[in-house]
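Survey of secondary and tertiary structure
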Amino acid sequence: MIPTQRVILGAGLAILLLITAASIGLDVKSRSDAAWVNQTVQVQKKISDLRVLMRRAESAARGYELYRSPGFSDEFQAMRAQIAPALADLKRVVRDNPDQVALLEGTEALALRRIEIAAHVMRLRAENDQAGIAAVQSKAEGRGLMDAVMGNLDRLSAEEEHLLTVRSQDSRRTGIVLLGIDVAGALVILLLVVMVMRESQRTTGALKSTLLETTAANQQLEAAVAERTEHLVAAHDELRLSVNVLQSTFHSMAEAVLVIDAKGNVLLSNPAAERMLLHRAGMNLGNLRALSDVYHGDGVTPLEADGLPSVRVLRGEPFEQLEMIVRPHGGNSPRHLMVSGRPMRDAQGDISGAVLVYHDATTSRETERQLHQSQKLDAIGKLTGGVAHDFNNMLTVISGNTETLVESLKGQPELQRAARLIDDAAERCAELIQHLLAFARRQPLQPRNVEINGAIADIAKLLRPTLGEQIQIETVLEQGPMTAHIDPSRLTNAVLNMAINARDAMPNGGKLLLETHRVVLDEAYAQAHAEVRAGPYVMLAVSDTGTGMSTDIQQKAFEPFFTTKEVGKGSGLGLSMVYGFVKQSGGHIKIYSEQGHGTTIKLYLPPGEGVIEAAVPAAPQAEGGAETIFVVEDDTLVRNFVTAQLQSLGYKTVAAADSRAALQLIAAGQAFDLLFTDVVIPGGMSGRELADEVARLRPGVKVLYTSGYTDNAIVHHGKLDDGVMLLTKPYRRNQLAEMIRKALGGVAVS
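Residues numbered from 1 in each chain as written. Predicted model: local features only at pLDDT ≥ 70, side-chain atom pairs only at ≥ 80, totals over all residues. Heavy atoms only, no water.

1. Observations regarding the overall build of the protein
Regarding its fold elements, the protein presents 20 helices and 20 strands. Split into buried and exposed, the 750 residues of the protein put 43% on the buried side. Across the protein, the fraction of contacts at a sequence separation of at least 24, relative to all contacts at a separation of at least 6, is 70%. For the protein, the exposed surface amounts to about 38300 Å²; the carbon and sulfur share of it is 55%. (Helix = DSSP H or I, 4+ residues; strand = E, 2+ residues; numbered from the N terminus. Buried < 20%, exposed > 50% of the residue type's maximum accessible area, 1.4 Å probe, protein only. Contact = heavy atoms within 4.5 Å. Areas by Shrake-Rupley, 256 points an atom, 1.4 Å probe, with all protein chains shown as cover.)

Given below as structure tokens:
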């Protein structure tokens, strides 16, 4: 029987090694498949973005043809500038597919030709060249080019959709095969242990029988026993080695495995089951279910008892990739699990138990959620930033004239009170627009190297009278110099907003804790959180002992106008402003909260480089002057308001509605001391381009910009270009006077 035992052991060990090798290979392939699926999703998004750019460019060109509005021309130029980079980016991500690269190169020529035709028609329309327009339209080339471009993009999208389907199916098949291999490995382990133990018992019984039946041949028996004992020792050594290999393999599996009997008792489990399912020795499935609440994959619908994996598999239903959410009662984090099950049957075909394999998909699902949330916030930011310019133009006129009205009604108190209400409402509107711009990451930051501990200590002093005596404020600041490259005024606003939210979450009083630390976010953290770059950060944490937030509220907390407060108690823009400030500064923000225990918001700010920059002292109250100010503003109401304010300050004014009219006045010899121009103006040039042209024609002339929102003409990477002075709309009379004097007294910029 000994040779048979060795054959069984050898065959079992060989099978196990083959299963282990296959499992490793399929695991590597599964990871590769997932990477390909992610790349295909990226390609589809870039194709969609390019299609939107082309449609918007064509729509802007058509709008210009119909209405000749400069706004359509500006939009066309903006879309035109993005199309070539978008094509290049798309070619980069499909560079591993020569056919798609070739198709994109052909599409690029067609797209650029279509855009050039549209630009040519717009130039002819601006010059009112009807004959040229008729000649271009007679060729009807543009529509054919657009159809060809869209057809090529549809073809490319269809190919990627096909690739996504094929790769997803391949990844699913790989997962199923991998699960089968894992289950087969576990069964091989059990079968080998049982067979070897039975063989060992059979051998021992044969040995005892031989000893009883051959008492006459004692010497021969002793020799036989010695020989048989030697074989048994070798067999036990081989068995011990095999069991060790099998146990090591079983214990090192990343998936949790439970082998159960027909009554739900756990016969076998691995360490992954302890980590993932909180299983402990001696627990059956009833004990295990009592530790957690189980939901369907949506995380909302409870999983009924007859739909639980163990119940289904013991009914004889094999299944793959059953998705469910497990929320432990003990405060551990919820887990997103994919469960597969196979029933085990005895010799008569009856169900004797089952094997359940659990895969933890929590990290991948969280990454998907973060990406979706980031895309949603970006879309909302683009929408809110787009309307701010017109609102700020109107608010400039309203707040400026209301300020004048309040001063002029000193002798009529009742009318003055009404005027003050209008003024206060305008100021509130300006604050709301500023918060929206902060969320949209279009506020003009002026970052510098700030010693963060000193800044937080100063802010804490400001918070004490604001929050009241019922809130205890504490600071825990890491020792040593620690600088962050941020706009200090925006940091103060961000901390103030978070502190007010914390106070409202502690109606009966509590503790507010401000902490600073040096931290490093590694590659693993960056991969798990969208838009995070690995590296060193300065971390500022604001914690409270308030009511906390649910998971659903945490996911919506940064959205503008979302609030859990009563109507009239909050605008819902506080945390959205903090989010925009941190993101525009190049940082990261994270909420940690538990209902009934409080909330912590962590800001990861970019570290400073070089020496700490001192704050600029406040300028004295500015007065007027006698210089000539050249105002370039397309909005008639704002232009009339600004010239009136400047004239009331003693300045002489010259005004133009667009860059073309401004250049005509300059060419005619108009003298002036300061160019005061909006950043976004019609006439074929932006305010920055007009300033550059003025600098060429009139070297040394000074420039002051104004805008209702930041534009990439003067703002890059979230901060103003060096040497650029900007007066943001809406502004008050004294702010206008101060910036005009500062611009006239400073060095010339362009």
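Past the structure itself, the notes keep going.
2. Some points on the nonpolar core
I452, L463, L491 and L603 are the most contacted members of the largest nonpolar core, which totals 39 residues. At 7 residues, the largest contribution of residues to this core is made by helix α12 (residues 452–467). Filtering out sequence-adjacent residues up to four positions away, L491 remains in contact with I452, A455, I459, I486, L540, F581 and L605. Membership of the second largest hydrophobic core comes to 30 residues, among which are V43, L50, L104 and I115. (Core = buried A, V, L, I, M, F, W, Y, C linked by side-chain atoms within 4.5 Å.)

3. Comments concerning the side chain of R639
Within the secondary structure layout, R639 lies in helix α17 (residues 636–648). Although buried, R639 forms no salt bridge, and the nearest oppositely charged side chain, E633, lies 6.3 Å from it. Ignoring anything within four residues of it in the chain, the contact list for R639 reads E633, D634, A655, A656 and A657. (Lys, Arg positive; Asp, Glu negative; His and termini not counted. Salt bridge = Lys/Arg side-chain N within 4 Å of Asp/Glu carboxyl O.)

4. Brief notes about unusual backbone geometry
Its identity is not glycine, yet N128 carries a phi of approximately 60 degrees, on the positive side. Among the secondary structure elements, N128 is positioned in the loop between α3 (98–126) and α4 (130–139). Given a relative accessible area of 45%, N128 falls into the partly exposed group. We note that Q321 has phi near 50 degrees; this positive angle belongs to a residue other than glycine. Within the secondary structure, Q321 is located in strand β4 (residues 319–328).

5. Some thoughts on the sheet that holds strand β13 (residues 598–605)
Taken together, 5 strands build an open sheet; the order of strands is β8-β10-β11-β13-β12 and the sheet is mixed. Looking at the sheet topology across the chains shown, the edges are occupied by β8 (471–477) and β12 (588–594). Within the sheet, the average angular offset between the axes of one strand and its neighbour, ignoring direction, is 15 degrees. Sheet analysis places strand β11 (residues 535–544) next to β13, joined by 7 bridges and oriented antiparallel. Counted as the bridge partner of A541 is K602 from β13. This element, helix α13 (residues 488–504), spans β8, β10 (510–521), β11 and β13 of the sheet and lies at about 35 degrees to β11. (Pairing = 2+ DSSP bridges. Axes fitted to C-alpha atoms, helices over the stretch in contact; angles between N-to-C directions.)

6. Overview of the sheet that holds strand β15 (residues 652–656)
Spatially, β15-β14-β16-β17-β20 is the arrangement adopted by the 5 strands of the open sheet, whose pairing is parallel. Pairing within the sheet leaves two strands with one partner each, and these edge strands are β15 and β20 (726–728). Strand-to-strand twist across the sheet, computed as the mean angle between neighbouring axes with direction ignored, equals 20 degrees. Note: strand β17 (residues 702–707) against β20, 3 bridges, orientation parallel. Pairing of T706 across the sheet is with L727, part of β20. Of the strands in this sheet, β14 (628–632), β15 and β16 (674–678) are in contact with α17, which crosses β15 at around 170 degrees. Lying on the sheet, helix α19 (residues 687–697) is in contact with β14, β16 and β17; it crosses β16 at an angle near 160 degrees.

7. Describing the confidence of the model for the protein
Summary statistics for the protein give a mean pLDDT of 78 and a share of 78% for residues scoring 70 or more. Across residues 746–750, where pLDDT falls below 50, the model places 14 contacts with residues more than four positions away in sequence or in other chains. (pLDDT = per-residue confidence, 0-100.)

8. Structural notes on the pairing of strand β6 (residues 351–360)
In this structure, strand β1 (residues 256–261) lies alongside β6, joined through 6 bridges in antiparallel fashion. The partner of L258 across the bridge, within β6, is L356. Sheet topology places strand β5 (residues 335–345) next to β6; 9 bridges connect them, and they run antiparallel. Bridging from a neighbouring strand, L337 pairs with D360 of β6. Joining the antiparallel neighbours β5 and β6 is a turn of 5 residues, in which G349 adopts a positive phi near 90 degrees.

9. Thoughts on the pattern of salt bridges
All told, the structure shown has 22 salt bridges when counted by the stated rule. Of the charged contacts in the structure, one is a salt bridge between K45 and D49, with a shortest N-O distance of 3.1 Å. With a gap of 4 residues between them, K45 and D49 both fall in helix α1 (residues 2–67), about one helical turn apart. Of the charged contacts in the structure, one is a salt bridge between E627 and R741, with a shortest N-O distance of 3.0 Å. With a gap of 114 residues between them, E627 in the loop between β13 and β14 and R741 in helix α20 (residues 733–745) connect regions that are remote in the sequence. When its relative accessible area of 27% is taken as the criterion, R741 is described as partly exposed.

10. A short note on the environment of A657
By secondary structure assignment, the location of A657 is in the loop between β15 and α18 (659–667). With a relative accessible area of 30%, A657 lands in the partly exposed category. Sequence separation between A657 and D678 is 21 residues; the distance between their C-alpha atoms is 10.0 Å. In this structure, A657 is in contact with E633, D634, R639 and P682, ignoring residues within four places of it in sequence.

11. Description of α18
An α-helical turn contains 3.6 residues, so any two residues separated by three or four positions project in the same direction. Residues S659, A662 and I666 constitute the buried set of α18. Taken down its axis, α18 places every buried residue within 60 degrees of arc, on the same side. Exposed side chains of α18 directed beyond 90 degrees from the buried face belong to Q664 and A667. Those residues of α18 hidden inside the fold are in contact with β14, β15 and α19. Its side-chain oxygen at 3.2 Å from the backbone nitrogen of R660, D658 defines the N-terminal cap of α18. Just downstream of α18, G669 is the residue with a positive phi angle, here 95 degrees. (Arc of directions from axis to C-beta. Polar contact = N/O pair within 3.5 Å; in protein donor to acceptor, adjacent residues only side chain to side chain.)

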